[in-house]
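What follows is the residue order along each chain.
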Amino acid sequence: MLHVKERTGENLVLRGARVVDPTEGIDRTHDVRIDNGVIAAVAEQVDTNEHRVVDATGLVLAPAFVDPHVHLRTPGREDEETIATGTAAAAAGGFCAILAMPNTNPVIDSAATLGALVETARREAEVQVGFLAAITRRQHGEELTEMAELADAGAVAFSDDGVPVASAGLMRRALQYSSVTGRQLALHCEESSLTHGSHVHEGAVSAELGFAGYPSVAESLMVERDLALAAYENQPLHLLHLSAAESVAALRRAREAGVRASGEVTPHHLVLTDDAVRSLDANVKMNPPLRAERDRAALLDALRDGTIEAIATDHAPHARHEKEAPFEAAPFGVTGLETAFAVLYTRLVRSGLLPLATLVERMSTGPARIFGLDRPRVAVGATANLVLLDLDREWQVRADGFRSRSTNSWLLGETLTGEIALTIVSGATAYIR
Amino acid sequence: MTSIRLVKDELRPPGPPSRRHLLSIADLERDDVERLLGAARTFAASLDRELKKLPTLKGRLVVNLFYESSTRTSSSFELAAKRLSADTMTLKSAGSSVDKGESLKDTALTLGAYDPDVIVIRHPHIGAPQLVADVTGAHIVNAGDGTHQHPTQALLDLYTLQQELGRLEGLHVAIVGDILHSRVARSLVQAFKLVGVRCTLVGPPALLPRGLDAEMTTDIDAIRAADVVYVLRMQNERMEAGANYVPSLREYAARWGITPERLRPGQKVMHPGPMNRGVEIDPRVADSADSLVETQVRSGLVVRMAVLYDVLTGGPVGVRALAAAEVA
């Protein structure tokens, strides 16, 4: 289901790193030896077997990250991102695998367009890429795509991300059919009749600044609808980019009631509130919008207790000239692949709000589990998908420092702590700082 | 001396050196408002003379960049600049390269190449003035950005209230109508807070912004307690069929329209214009002796003179300033 360009497994010894793999129950200093791209030894001291040795003393070695929500803009907006640049950005952010959304131009709604993407990924992708296909043709919300054929052609899951599936009847049919495809539906929950013309969260900030409000209930209403349908049809579903406390509460209740539902949250919703919109900077404009402090707190609680299993960047590159516009005229979306770990480490882990092990789990095992992908792990016999983290290193986010083709980051100019030192993907080095 | 603060974008690296802008009432302190109103009074005195032109801003270039139609604001900014001897240039989006799809940034860069001292901008999008401030070296004055702010309107309304009622502190103003879409109301709410005017917002429920930190009611009878009733324009273009903010303009007029019967005798009425007579305001009210609408327009000229003068000089105002202006 995942595609990456041809690479030869390396021989390598990583010496003296603090190995953190919460799923394997490891947090101690170890050497790791990789033979032909496969982890051959994890021990206090390993024989080098004449492999190249990387001194990782003082660094953290963890399973590489998996991002379940990326926009690669290909086909159609290759000026904003390509598979080559987007996956290079992912490697620089410590990711070994990403899932790409189908809201491209054309939309990924046929086996032919999907097949072309898979071919490109096999030539260009620096990290493993999986592709989602659309739930409805052209994402128009009217007719289902040929989901079984798309699944056979390699679709990892299905999503109309960017727009909701407005019709409850159609959503029900899609859920019923997922028993045939064996693939998840990943849902962008938004009741559009409540968000028409809106740009920011409806609350004190929108009222003061004059923006048309995008209320929390526009998300939670659709979350409740889709969870009810999933329960009724006894099918799993995944909720994309959750932003509102009420949505989190609904997900928690559904999970407790046995619904197979999962959720994800973005770094920006974990770190920012709508207060940031006062800057009128188009780089804090995204859908769903930044919400209130109580929402941010609820998202963080849910991430901690596992109600939300995955962190997703919703990496959404946009051309500079399109973002350099008045807030209302600018498109929704921000980049995130190259800053996700560092900003969450800086703002949440270092300030004691989130344990490092939880952050690592929610950025690797969590998303892999939701989509049935091979879990990156630090264990003998596993293909090496690893990231080496320099937790003490400070660096500044700069427009000229991105591998992504776009620079619409909300963190431009910020100094972050925690740098990716090395990313190993499918047994070979994909990024080295 | 206090100054009009620069809006700082904390998410971006520091920009060019501080310039004085008037982007939002939220950037002002009470001292700023008092200084501006004082300057406006000084300029009003100068307009009583036979020769009305002052040499104060001679050699300065003021560009008016208007992306939305406007009568009062654009004419009063242009006249204000001329009364202060500045060179002026007015650009409307219709008939300019904007028609050809030029972006705001590119238009601003083009105008910026002429080194204007001030750019006065009106634009349908929130935050457009800030964008122009970011990409040019000019002092920016916001003449209305979308549903966000219209700071010079709020200042001229304060000036009008002070002239007509003799004070600001302790007054009670009811603002009636489409608060949700009103940049005038947003600027006024903040301006009233700064100078100690009590403010009650009155309108249909869907047109009262949820979450706004202000006294709000749907009950039109609440206006009776106010010293002044400030009537907002019902923006017909936003009231199209299907939007359902109110069932109809007819029902709005019947329920919230300002009629002589709803007013106390002698209660003053203001309106930022343009008026929809028969919708939000009864023509009898609009034409009554208690209407301050024409005073508002006259105030607009002197307040905009004061704003242009203040952003450009940041200097002292009052008698000394006028004397200095006459010497220059």
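This one's a predicted model, so the numbers in the text were calculated from it and none came from an experiment.

So, about the overall build of chain B. Along its length, chain B carries ten helices and nine strands. For chain B, contacts bridging at least 24 residues in sequence account for 73% of all contacts bridging at least 6.

Chain A puts 26 residues into the contact, and the matching count from chain B is 25 residues. In terms of residue count, helix α5 (residues 204-209) of chain A provides more of the side of chain A that touches chain B than any other element does, five residues in total.

All names here are of chain B. Split into domains, chain B comes out as domain 1 (25-150 + 297-327) and domain 2 (151-296). For domain 1 and domain 2, the distance between their C-alpha centres works out to 25 Å. Taken together, the contact between domain 1 and domain 2 spans 26 residues of the former and 24 residues of the latter. For the side of domain 1 that touches domain 2, the secondary-structure elements that each account for two or more residues are α1 (30-46), β4 (139-145) and α9 (293-313). With seven residues, α9 is the largest single contributor of residues to the side of domain 1 that touches domain 2. Its residues assigned to classes, the side of domain 1 that touches domain 2 shows twelve nonpolar, nine polar and five charged.

All names here are of chain A. Along the chain, R320 turns up in helix α10 (residues 320-323). Classification of R320 by C-beta neighbours within 10 Å gives exposed; the count is 12. Residues R320 and N408, 88 residues apart in the sequence, show an inter-C-alpha distance of 7.0 Å.

Adjacent strands of a sheet pair through backbone hydrogen bonds, lying either parallel or antiparallel. All names here are of chain B. Read from one edge to the other, the open sheet built from five strands follows the order β7-β6-β5-β8-β9, with strand pairing classed as parallel. Strands at the two margins of the open sheet, each flanked by one partner only, are β7 (215-217) and β9 (268-270). Mean inter-strand twist for the sheet, computed between neighbouring axes without regard to direction, equals 25°. Where strand β5 (residues 172-176) and strand β8 (residues 228-231) come together, four bridges link them in parallel fashion. Bridge pairing in β8 links I175 to Y230.

Further remarks concern the pairing of strand β16 (residues 386-396) of chain A. Regular strands show a simple pattern: their side chains alternate between the two faces of the sheet. Residue and element names in this part refer to chain A. With four bridges connecting them, strand β5 (residues 60-63) and β16 associate as antiparallel partners. When the bridges of β16 are listed, L61 appears paired with L388. As paired elements, β16 and strand β17 (residues 415-425) share eight bridges and run antiparallel to each other. Bridging from a neighbouring strand, L388 pairs with L422 of β17.

Another aspect to go through is the sheet that holds strand β3 (residues 118-123) of chain B. Residue and element names in this part refer to chain B. Across the sheet, four strands lie side by side as β2-β1-β3-β4; this open sheet has parallel pairing. Two strands bound the open sheet, and with one partner strand each, they are β2 (87-92) and β4. When strand polarity is set aside, the average angle formed by the axes of neighbouring strands in this sheet is 15°. Pairing geometry for β3 and β4, over five bridges, is parallel. Note that in β4 the partner of V118 across the bridge is H139.

Attention shifts here to the confidence of the model for chain B. Residues and elements named next belong to chain B. Taken over all residues, the pLDDT of chain B has a mean of 88, while the share at 70 or more is 89%. Below pLDDT 50 for its whole length, residues 1-17 participates in 36 contacts with residues either more than four positions away or in separate chains. Here residues 315-328 scores under 50 on pLDDT; set against residues more than four positions off or in separate chains, the count is 17 contacts. Interface confidence for the predicted complex, given as ipTM, is 0.87, next to a pTM of 0.92.

Residue and element names in this part refer to chain A. Counting residues in each nonpolar core, the largest one holds 146 residues, and the members touching the most others are L61, F95, V127, L132 and L388. Of the residues forming this core, the biggest block, eight residues, is contributed by helix α11 (residues 340-349). Shared between two domains, this core holds at least three residues of each, these being domain 1 (12-60 + 382-432) and domain 2 (64-370). Beyond its immediate chain neighbours, meaning those up to four positions away, V127 contacts V4, T87, A90, A91, F95, C96, A97, I98, V425 and A430.

Turning to the domain arrangement of chain A, a few remarks are in order. Residues and elements named next belong to chain A. Structurally, chain A comprises domain 1 (12-60 + 382-432) and domain 2 (64-370). For domain 1 versus domain 2, the distance between C-alpha centres works out to 26 Å. Every contact between the two is made by 31 residues of domain 1 and, on the other side, 42 residues of domain 2. Put simply, the parts of the chain that give the side of domain 1 that touches domain 2 at least two residues each are β16, β17 and β18 (428-432). Here the side of domain 1 that touches domain 2 takes eight residues from β17, the largest share from any one element. Split by residue class, the side of domain 1 that touches domain 2 holds 16 nonpolar, eleven polar and four charged.

Since there are 3.6 residues in each turn of an α-helix, residues three or four apart along the chain are aligned in direction. Residues and elements named next belong to chain A. Look at helix α6 (residues 216-233): 26 Å from first C-alpha to last across 18 residues, which is about the 26 Å you get at 1.5 Å a residue. All of the buried residues along α6 are S216, A218, E219, S220, L221, M222, V223, D226, L227 and A230. Taken from the residues just after α6, N234 is the one with a positive phi, measuring 50°.

What follows concerns helix α3 (residues 104-112) of chain B. Residue and element names in this part refer to chain B. Every buried residue belonging to α3 is among L104, T107, A108 and L111, and all of these are buried. Viewed along the axis of α3, the buried residues span an arc of 100°, placing them on a single side of the element. Contact partners of the buried residues in α3: β1 (61-66), β3 and α4 (128-135).

What counts, and at which threshold
- Residues numbered from 1 in each chain as written.
- Chains lettered and ligands numbered in written order.
- Predicted model: local features only at pLDDT ≥ 70, side-chain atom pairs only at ≥ 80, totals over all residues.
- Helix = DSSP H or I, 4+ residues; strand = E, 2+ residues; numbered from the N terminus.
- Contact = placed C-beta atoms within 7 Å.
- Domains from an automatic or database assignment.
- Nonpolar A, V, L, I, M, F, W, Y, C, P; charged D, E, K, R; others polar.
- Buried ≥ 20, exposed ≤ 12 C-beta atoms within 10 Å, placed from the backbone.
- Pairing = 2+ DSSP bridges.
- Axes fitted to C-alpha atoms, helices over the stretch in contact; angles between N-to-C directions.
- pLDDT = per-residue confidence, 0-100.
- Core = buried A, V, L, I, M, F, W, Y, C linked by C-beta atoms within 7 Å.
- Expected span 1.5 Å × (residues − 1).
- Arc of directions from axis to C-beta.

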